[in-house]
Amino acid sequence: MLPARWRTPALIITCACLILTLSMGVRHTAGLFLQPITQGQGWSREVFSFAIALQNLVWGLASPFAGAFADRLGAGRTLVVSALLYLLGLLGMALGGSEALFDVSAGLLVGLGLSGTTFAVVMGVVGRHVAPARRSLALGVVGAGGSFGQFAVLPVGQALISAHGWQLALVFLALGIALIVPLAAALADGPAQIPAGASQSPGQALRQAGGERSFHLLFWSYFVCGFQTAFIMLHLPAYLVDAGYSANVGMTAVALIGLCNVAGSFLFGWWGGLYSKKNLLVAIYALRAVAVLAFLGIPAGLPGVWLFAAAMGLLWLGTVPLTNGLVAQIFGLRYMSMLSGVVFLGHQLGSFLGAWLGGRIFDQTGSYGLAWGLVLGLSLVAALLAWPIREQPLAGQEARA
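Quick caveat: nothing in here was measured; it's all calculated off a predicted structure.

**Q** Describe the overall build of the chain, naming the residues involved and giving the relevant values.
**A** Looking only at helices and strands, one finds 16 helices and zero strands in the chain. Its C-alpha atoms give the chain a radius of gyration of 20 Å, near enough to 21 Å, the size a compact globule of 401 residues would have. For the chain, the spread of C-alpha atoms along the three principal axes comes to 60 × 40 × 30 Å. Across the 401 residues that make up the chain, the buried fraction comes to 59%. Long-range pairs, those at least 24 residues apart, make up 87% of the contacts in the chain with a sequence separation of at least 6. Summing over all exposed atoms, the chain offers an accessible surface of approximately 14500 Å²; the carbon and sulfur share of this is 71%.

Set out below in structure tokens:
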């Protein structure tokens, strides 16, 4: 743990951004590996999709526990252990072997690693160390770090696959994840530094949140976000290759989503401190529906691909600072990491279905058409779910977050 005087909000935010850049950047390379791994191993797309879907499910199921561990014993330990699990998972993927080994490595180990190196833990630390008036903006800046990773790491991943093959590429990416270990020192706060929330226990906090309709609305709208982002991240490169474009076009489209979301996360985080967070969530989901409808209904060659990627990028992870900000605003900071982890479980349940059903639907129908239809329809459902969220803090919680 670094001396307290060194752990300024600026240093914490910078290291949080770098951790998310590495963790989310490597995670977003999964779509680049779909075709080389399935072709090299002789697997169907559903086999690969199921392992990544399992990864998303484990990530979501483990996030509340990772958040609770960070709330109780400090984020530093959580980050280090999770980074090591992530590294082992990538090395296991590189070994190839059986479908079962791929499920354990890509699904279980990487999923556990992601649970402790991404939003629930990292944003919980940032939320506790930034003044309430600047919290939404700070969360947006950190969310942009994850988006920058998608932009920066994807070209590296594609270059590594092209130059060294998919197995060595995974080894190099694992070495990148190892850099999270020294960065964790800046986020290593202990339980004594976590604000006291009266005498409320974790169980009481969960029961209180579970009794609030807004918590359930956040959970299920985040489910839709997970379905959409997992499907697009994993299957858009293959969808474009099937349409006759090169692998580099698919990589560039996903990287462009990440680049534009650097601006999107920052803007929605900033706006979340000025305007209604739940209204901004409604706008994001409604605009996603417009973007998908335009992409499918008005094919326009490469310009259409770039416009769709840019539009989705602006809307991609803007949900993260808004959703985490609402958790802090409504339920307070004492158990923010744990409650954010529970809400994030909804996101990852959606991610499981988005990743797996995309491959399943393609294998059964030879097309992604039905999957795109689900992405479109769920956008409208999420907008309706976000609309009735009540943003007022519960009794005993801080008045502004």
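**Q** Outline the environment of Val110, listing residues and values.
**A** Turning to its location among the elements, Val110 is positioned in helix H5 (residues 99-117). Accessibility expressed as a relative area gives 3% for Val110, which makes it buried. Along the backbone, Val110 and Leu91 are 19 residues apart, and their C-alpha atoms lie at a distance of 9.9 Å. Among all residues touching Val110, those that are not within four sequence positions of it are Gln55, Tyr86, Gly89, Leu90, Met93 and Ser105.

**Q** Summarise helix H12 (residues 277-297); cite the residues concerned and give the values.
**A** For H12, spanning 21 residues, the distance from its first C-alpha to its last is 30 Å, which sits close to the expected 30 Å at 1.5 Å a residue. Taken together, the buried positions of H12 are occupied by Lys277, Lys278, Leu280, Leu281, Val282, Ile284, Tyr285, Arg288, Ala289, Ala291, Val292 and Phe295.

**Q** So, the packing of helix H10 (residues 213-242) against helix H14 (residues 319-331): which residues are in play, and what are the values?
**A** Relative orientation of the contacting elements H10 and H14 amounts to 170 degrees, with a least axis distance of 11 Å. Relative to H14, the element H10 lies roughly antiparallel. Of the residues in H14, those touching H10 at Ser214, Phe215, Leu218, Tyr222 and Cys225 are Thr319, Val320, Thr323, Asn324, Leu326, Val327, Ile330 and Phe331. Its residues placed into classes, the contact of H10 with H14 shows nine nonpolar, four polar and no charged.

**Q** Can you break down the pattern of salt bridges residue by residue, with the values?
**A** Evaluated as defined, the whole model comprises two salt bridges. The partner of Asp242 in a salt bridge is Arg45, with the nearest N and O atoms 3.1 Å apart. Taken together, the residues span a long stretch of sequence, with Asp242 in helix H10 and Arg45 in helix H3 (residues 45-73) at a distance of 197 residues. A salt bridge links Arg360 to Glu46; the shortest N-O distance between them is 3.4 Å. Linking Arg360 in helix H15 (residues 336-365) with Glu46 in helix H3, this pair joins segments that are 314 residues apart in sequence.

**Q** So what about the state of the cysteines? Which residues, and what values?
**A** Inspection of the entire model under this criterion finds zero disulfides. Just so you know, Cys17 is unpaired, no disulfide at all, and the nearest cysteine sulfur is the one on Cys15, 9.3 Å from it.

**Q** Please set out the environment of Ser265 residue by residue, giving values where relevant.
**A** Looking at the element boundaries, Ser265 is found in helix H11 (residues 247-272). Accessibility expressed as a relative area gives 0% for Ser265, which makes it buried. Setting aside residues up to four positions removed in sequence, Ser265 forms contacts with Gly140, Gly143, Ala144, Ser147, Leu317, Gly318 and Pro321.

**Q** Describe the side chain of Ser23, with residues and values.
**A** In this fold, Ser23 is placed in helix H1 (residues 9-27). Looking at Ser23, the relative accessible area reads 0%, which means it is buried. Those residues in contact with Ser23, other than ones at most four positions away along the chain, are Tyr86, Leu114, Thr117, Thr118, Ile177 and Ile180.

**Q** Outline a nonpolar patch on the surface, listing residues and values.
**A** Taken together, the side chains of Phe266, Trp270, Leu274 and Tyr275 define a hydrophobic patch exposed on the protein surface, amounting to about 450 Å² of accessible area. Looking at the secondary structure, you find Tyr275 in the loop between H11 and H12. A relative accessible area of 54% places Tyr275 in the exposed class.

**Q** Report on the packing of aromatic side chains, specifying residues and quantitative values.
**A** Under the defined criterion, the tally for this structure stands at 19 aromatic pairs. On the numbers, 4.9 Å between centres and 75 degrees between planes, the contact of Phe219 with Trp220 is edge-to-face. Overall, the relative accessible area of 13% leaves Phe219 in the buried class. Three or more aromatic residues link up through ring pairs in this structure, and these residues are Phe231, Tyr239, Phe295, Phe308, Phe362, Tyr368 and Trp372. Its end group placed over the ring of Phe362, Arg45 keeps NZ or CZ at 4.4 Å from the ring centre. Sitting above the plane of the Trp387 ring, Lys278 keeps its charged end 4.2 Å from the centroid.

**Q** Break down the side chain of Ser82 for me, citing the residues and quoting the values.
**A** Inspection of the secondary structure puts Ser82 in helix H4 (residues 75-94). Taking the relative accessible area as the measure of exposure, Ser82 reaches 7% and is therefore buried. The residues contacting Ser82, other than those within four sequence positions of it, are Leu112, Gly113, Gly116 and Thr117.

**Q** Before we move on, can you summarise the environment of Gly31 with the specific residues and values?
**A** Position of Gly31 among the secondary structure elements: in helix H2 (residues 30-41). Overall, the relative accessible area of 9% leaves Gly31 in the buried class. Separated by 200 residues in sequence, Gly31 and Phe231 have C-alpha atoms that sit 9.6 Å apart. Not counting chain neighbours up to four residues away, the residues in contact with Gly31 comprise Met233, Leu234 and Pro237.

Rules used in this analysis
- Residues numbered from 1 in each chain as written.
- Predicted model: local features only at pLDDT ≥ 70, side-chain atom pairs only at ≥ 80, totals over all residues.
- Heavy atoms only, no water.
- Helix = DSSP H or I, 4+ residues; strand = E, 2+ residues; numbered from the N terminus.
- Rg over C-alpha atoms; globule rule 2.2 N^0.38 Å.
- Buried < 20%, exposed > 50% of the residue type's maximum accessible area, 1.4 Å probe, protein only.
- Contact = heavy atoms within 4.5 Å.
- Areas by Shrake-Rupley, 256 points an atom, 1.4 Å probe, with all protein chains shown as cover.
- Expected span 1.5 Å × (residues − 1).
- Axes fitted to C-alpha atoms, helices over the stretch in contact; angles between N-to-C directions.
- Parallel < 35°, antiparallel > 145°, perpendicular 65-115°, else oblique.
- Nonpolar A, V, L, I, M, F, W, Y, C, P; charged D, E, K, R; others polar.
- Salt bridge = Lys/Arg side-chain N within 4 Å of Asp/Glu carboxyl O.
- Disulfide = S-S within 2.5 Å.
- Patch = residues over 30% accessible without salt bridge, like charges linked within 9 Å, V, L, I, M, F, W, Y side chains within 5 Å.
- Phe/Tyr/Trp six-rings, centres within 6.5 Å; stacked < 30°, edge-to-face > 60°.
- Lys NZ or Arg CZ within 6 Å of the ring centre and 35° of its normal.

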